[in-house]
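Listed below are the residues making up each chain.
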Amino acid sequence: MVAHGFLARLTAAALCLLAIPISTAVPIEKRTGVVPTLSGGENAMGGGTYPRANYLSDGSIIGAYTAFSNGDSILTVVHSTDNGVTWNQVGTVARGATATTDIDNPYPFQLPSGRILLVFRNHDRSNGGYTFFRITICYSDDNGVNWSYLSTPASDPGPINGNWEPFLRLAEDGKTLQLYYSRENSAADQDSLMRTSTDGGASWTSATVISGADSNNQRDGMLGVAQISGSNLIAIFESETNGGKFSVHSVTSSDDGKTWGNRKTVYAPSGFNAQAPQITNVGGTLVASFQTDEDGGSGEAIKILTSGDGGATWGNKLTTFPATSNWAGLLTLNDNASFLSLADHSGAKAQKVTLS
Ligand SMILES: *[C@@H]1O[C@H](CO)[C@@H](O)[C@H](O)[C@H]1NC(C)=O
Ligand SMILES: *[C@@H]1O[C@H](CO)[C@@H](O)[C@H](O)[C@H]1NC(C)=O
């Protein structure tokens with residue numbers, strides 16, 4: 001994933017849960033509460049890491065994670081017809097020797113046509129060093145069983161300019177695909193980027209920078225995006241400067257992703273890390289997840305925060321997976337009042353959470 005610098009930071013910016021009034025308040029149609037409660041236990045998706053999931057048009061859910069077997073990395077696709085309680089493996093997208101083929105960070109997404117895309121990082125390496133970086137897309141026209149190559153929206157030669165953690169969404173026009181990802185400019189500087197496609201992901205525009213352009217010693221990474229309402233979006237990402245602790249930040253867009261600003265701190269535990277965030281809108285309540293070592297011990301736990309005001313303020317912290325858990329994803333369930341927190345907690349797992 002990212003190179004984690006754990007040098008102590010002298011000035012810890014304890015900005016968590018700080019209310020910042022914004023002049024451009026976004027009207028939010030709220031249909032559910034802001035208080036999260038775990039519902040049932042952890043449900044296994046499969047043996048692997050970095051779980052992500054999205055609904056298909058038939059009301060079932062497609063999930064993806066990276067499995068490891070016999071020295072290979074395997075992008076694995078699973079399916080649930082009961083809102084994430086049980087999962088069945090339906091296919092594999094790509095497989096390669098882990099030592100030379102770093103395939104990971106899968107994100108599944110269905111187009112209005114019914115075609116399913118899987119976007120992922122697809123790097124070459126030798127002797128532990130990266131020789132080439134790619135974001136690759138494969139597609140399936142049979143609900144995830146068979147997969148074929150579609151495109152490589154971003155690539156860079158190694159070893160500096162890594163491209164990581166892709167995320168797809170469809171713009172409000174219903175046809176423009178947006179690809180969000182992180183790109184390293186140097187070991188100390190990483191930016192959040194976005195490209196668009198109007199032909200179903202076959203060809204892509206050049207990248208625009210949505211966060212990090214103003215600083216060359218700031219590592220913004222692992223972003224996710226949610227719609228607040230209409231053309232108002234919020235993107236969430238981790239950041240660190242000068243090898244310090246990671247904290248979670250957001251930027252917003254009022255033009256459906258074309259331009260971004262209003263950078264704010266979402267969560268910055270003093271002296272600890274909060275990183276690898278994702279975000280989703282659950283019936284008008286925003287939910288952010290991240291992993292943190294703030295409880296001490298050796299590993300990180302997955303926690304969530306909620307916001308009832310479009311991301312201006314955050315609270316109601318809840319642990320959804322205890323340590324050690326990593327690389328959390330989020331999926332709003334179709335009752336618009338509950339969601340799945342996904343994580344690698346001794347394998348890819350889903351935990352339902354309800355809001356009231
Ligand atoms: C699709 O996958 C199934 C199951 O692995 C296999 O039997 C079939 O031959 C594949 N079809 C194509 C067109 O590759
Ligand atoms: C959930 O929200 C989506 C998007 O606004 C809407 O299409 C759907 O009808 C909602 N479902 C329920 C059960 O309210």
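What counts, and at which threshold
Residues numbered from 1 in each chain as written. Chains lettered and ligands numbered in written order. Predicted model: local features only at pLDDT ≥ 70, side-chain atom pairs only at ≥ 80, totals over all residues. Heavy atoms only, no water. Helix = DSSP H or I, 4+ residues; strand = E, 2+ residues; numbered from the N terminus. Rg over C-alpha atoms; globule rule 2.2 N^0.38 Å. Buried < 20%, exposed > 50% of the residue type's maximum accessible area, 1.4 Å probe, protein only. Contact = heavy atoms within 4.5 Å. UniProt positions renumbered as here; feature names shortened; annotations may be inferred. Core = buried A, V, L, I, M, F, W, Y, C linked by side-chain atoms within 4.5 Å. Pairing = 2+ DSSP bridges. Axes fitted to C-alpha atoms, helices over the stretch in contact; angles between N-to-C directions. Polar contact = N/O pair within 3.5 Å; in protein donor to acceptor, adjacent residues only side chain to side chain. Salt bridge = Lys/Arg side-chain N within 4 Å of Asp/Glu carboxyl O. Phe/Tyr/Trp six-rings, centres within 6.5 Å; stacked < 30°, edge-to-face > 60°. Lys NZ or Arg CZ within 6 Å of the ring centre and 35° of its normal.

> Can you break down the overall build of the chain residue by residue, with the values?
When its secondary structure is counted, the chain shows zero helices and 24 strands. In terms of overall dimensions, the chain is globule-like: its C-alpha atoms have a radius of gyration of 19 Å, near the 21 Å expected for 356 residues. In terms of overall dimensions, the chain has a C-alpha envelope of 50 × 45 × 40 Å along the principal axes. Expressed as a percentage of its 356 residues, the buried residues of the chain come to 58%. In the chain, the proportion of contacts linking residues at least 24 apart, taken out of those at least 6 apart, comes to 51%.

> Help me get a handle on the UniProt feature "domain: Sialidase" (unreviewed entry) in the chain, residues and values and all.
Within the UniProt annotation, "domain: Sialidase" (unreviewed entry) is assigned to residues 136-346. Spanning residues 136-346, this segment combines 0% helix with 59% strand, and its end C-alpha atoms are found 27 Å apart.

> How would you sum up the nonpolar core? Please name residues and give values.
Counting 27 residues, the largest nonpolar core has Leu117, Leu168, Tyr180 and Trp260 as the members making the most contacts within it. In terms of residue count, strand S11 (residues 177-184) provides more of this core than any other element does, four residues in total. Excluding anything up to four places from it in sequence, Trp260 contacts Tyr180, Ile210, Val225, Leu233, Ile234, Ala235, Val251, Thr252 and Ser253. Counting residues in hydrophobic clusters, the runner-up holds 15 residues, among them Met45, Tyr65, Val78 and Ala348.

> Would you mind going over the sheet that holds strand S7 (residues 116-126) in detail, with residue names and values included?
Pairing within the open sheet is antiparallel, and its four strands lie in the order S6-S7-S8-S9. Edge strands, defined here as strands with exactly one partner in the open sheet, are strand S6 (101-110) and strand S9 (148-157). Taking the axes of each pair of neighbouring strands and ignoring which way they run, one obtains an average angle of 20° across the sheet. Here seven bridges tie strand S8 (residues 129-140) to S9, and the two strands are oriented antiparallel to one another. Bridge pairing in S9 links Ile135 to Ala154.

> Can you lay out the sheet that holds strand S20 (residues 301-307) for me, pointing to particular residues and giving the numbers?
Across a sheet, strands are paired by hydrogen bonds formed along the backbone, either parallel or antiparallel in direction. In space, the four strands of this open sheet follow the order S18-S19-S20-S21, with antiparallel pairing throughout. Every other strand in the sheet has two partners, leaving strand S18 (274-282) and strand S21 (315-321) as the edge strands with one partner each. Taking each pair of neighbouring strands and ignoring which way they run, the sheet shows an average axis angle of 25°. Here S18 pairs with strand S19 (residues 285-292) via seven bridges, running antiparallel. Bridge assignment links Thr280 to a residue of S19, and that residue is Val287.

> Describe the environment of Asp295, naming the residues involved and giving the relevant values.
Among the secondary structure elements, Asp295 is positioned in the loop between S19 and S20. With 259 residues separating them in the primary sequence, Asp295 and Pro36 have C-alpha atoms 20 Å apart. A distance of 2.9 Å separates the side chain of Asp295 from the side chain of Lys303, its partner in a polar contact.

> Lay out the pattern of salt bridges in plain terms, naming residues and giving numbers.
A full pass over the atoms with the stated rule returns 13 salt bridges. A salt bridge links Asp156 to Arg183, with the shortest nitrogen-to-oxygen separation between them at 2.8 Å. In this pair, Asp156 sits in strand S9 while Arg183 sits in strand S11, placing the two residues 27 residues apart along the sequence. Salt bridges here are not isolated pairs; linked through shared partners, they connect Asp102, Asp104, Arg121 and Arg125.

> Explain the packing of aromatic side chains to me, using residue names and the numbers behind them.
What the rule picks out here adds up to seven aromatic pairs. Taken together, the ring pairs in this structure connect Tyr107, Phe167, Tyr180 and Trp260 into an aromatic cluster. Sitting above the plane of the Tyr50 ring, Arg52 keeps its charged end 3.9 Å from the centroid. Its guanidinium or amino end placed over the ring of Tyr139, Arg115 lies 3.7 Å from that ring's centre, counting from NZ or CZ.

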